[in-house]
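So you can see what is in the structure, the chains are spelled out below.
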Amino acid sequence: MNSVWGNMFRFSLQAALNVREITERLCAKEVALQEKAILEIDAKKQFLQNKITKVEVELTAQSKENRLNIEAFKSLYAFRNRVNTQIKSLDEEKEKENLVLQEKIERQMEATKNKRMLEILREKEEKRYIAKQIAMETKIMNEVAINQFIQKQK
């Protein structure tokens, strides 16, 4: 009867541990997706900065050839303002995404901690169970030995 309860407890611990492992993996996946989103924002920002640099290089080349006019400067100024606004917007978006990332990392750490706690509990319970099994086997073996000794005495 005792071993049945011990096995049920171990089974329930393993079932809970399986759930915690799944939760941990899901949290890790969420963190990876969030990091990917942040990298995509960085890539967009870099693309916009490269566009500005390219236009500035073209204007510099035009100015060296004395083909530059005031409309080109106005156009560059307006373009730079639009792109800088987009970059600022991306920075704000990245800041929000970083906050979400921190929350997801905290959830992942909590899931890992909970999983580890159950692993430790399972290991302790397994050691206790093995110790009880050994004690029961020793008791039975001692009883058999005593019975054999008594039989030989008669």
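**Things to note about the nonpolar core**
And then number 1: Core analysis: the biggest nonpolar cluster contains seven residues, these being Ile41, Leu48, Ile52, Phe79, Val83, Ile87 and Leu90.
And then number 2: Only helix H1 (2-64) and helix H2 (70-153) provide two or more residues apiece to this core.
And then number 3: In terms of residue count, H2 provides more of this core than any other element does, four residues in total.
And then number 4: Each residue touching leucine 48, except ones within four places of it in the same chain, is listed here: Val83, Gln86, Ile87 and Leu90.

**Some details on the side chain of glutamine 34**
And then number 1: Along the chain, glutamine 34 turns up in helix H1.
And then number 2: Setting aside residues no more than four positions away along its own chain, glutamine 34 makes contact with Glu97, Val100, Leu101 and Lys104.

**Observations regarding a nonpolar patch on the surface**
And then number 1: The grouping of Ile146, Phe149 and Ile150 at the surface amounts to a nonpolar patch, some 300 Å² of accessible area in total.
And then number 2: With respect to the secondary-structure elements, isoleucine 146 resides in helix H2.

**A closer look at the environment of leucine 39**
And then number 1: You can see leucine 39 is positioned in helix H1.
And then number 2: A C-alpha to C-alpha distance of 74 Å links leucine 39 and isoleucine 146, two positions 107 residues apart in sequence.

**So, the environment of glutamate 106**
And then number 1: Note on placement: glutamate 106 falls in helix H2.
And then number 2: For the pair glutamate 106 and valine 31, spaced 75 residues apart in the sequence, the C-alpha separation amounts to 9.7 Å.

Procedures and definitions
Residues numbered from 1 in each chain as written. Predicted model: local features only at pLDDT ≥ 70, side-chain atom pairs only at ≥ 80, totals over all residues. Heavy atoms only, no water. Core = buried A, V, L, I, M, F, W, Y, C linked by side-chain atoms within 4.5 Å. Buried < 20%, exposed > 50% of the residue type's maximum accessible area, 1.4 Å probe, protein only. Helix = DSSP H or I, 4+ residues; strand = E, 2+ residues; numbered from the N terminus. Contact = heavy atoms within 4.5 Å. Patch = residues over 30% accessible without salt bridge, like charges linked within 9 Å, V, L, I, M, F, W, Y side chains within 5 Å. Areas by Shrake-Rupley, 256 points an atom, 1.4 Å probe, with all protein chains shown as cover. Salt bridge = Lys/Arg side-chain N within 4 Å of Asp/Glu carboxyl O.

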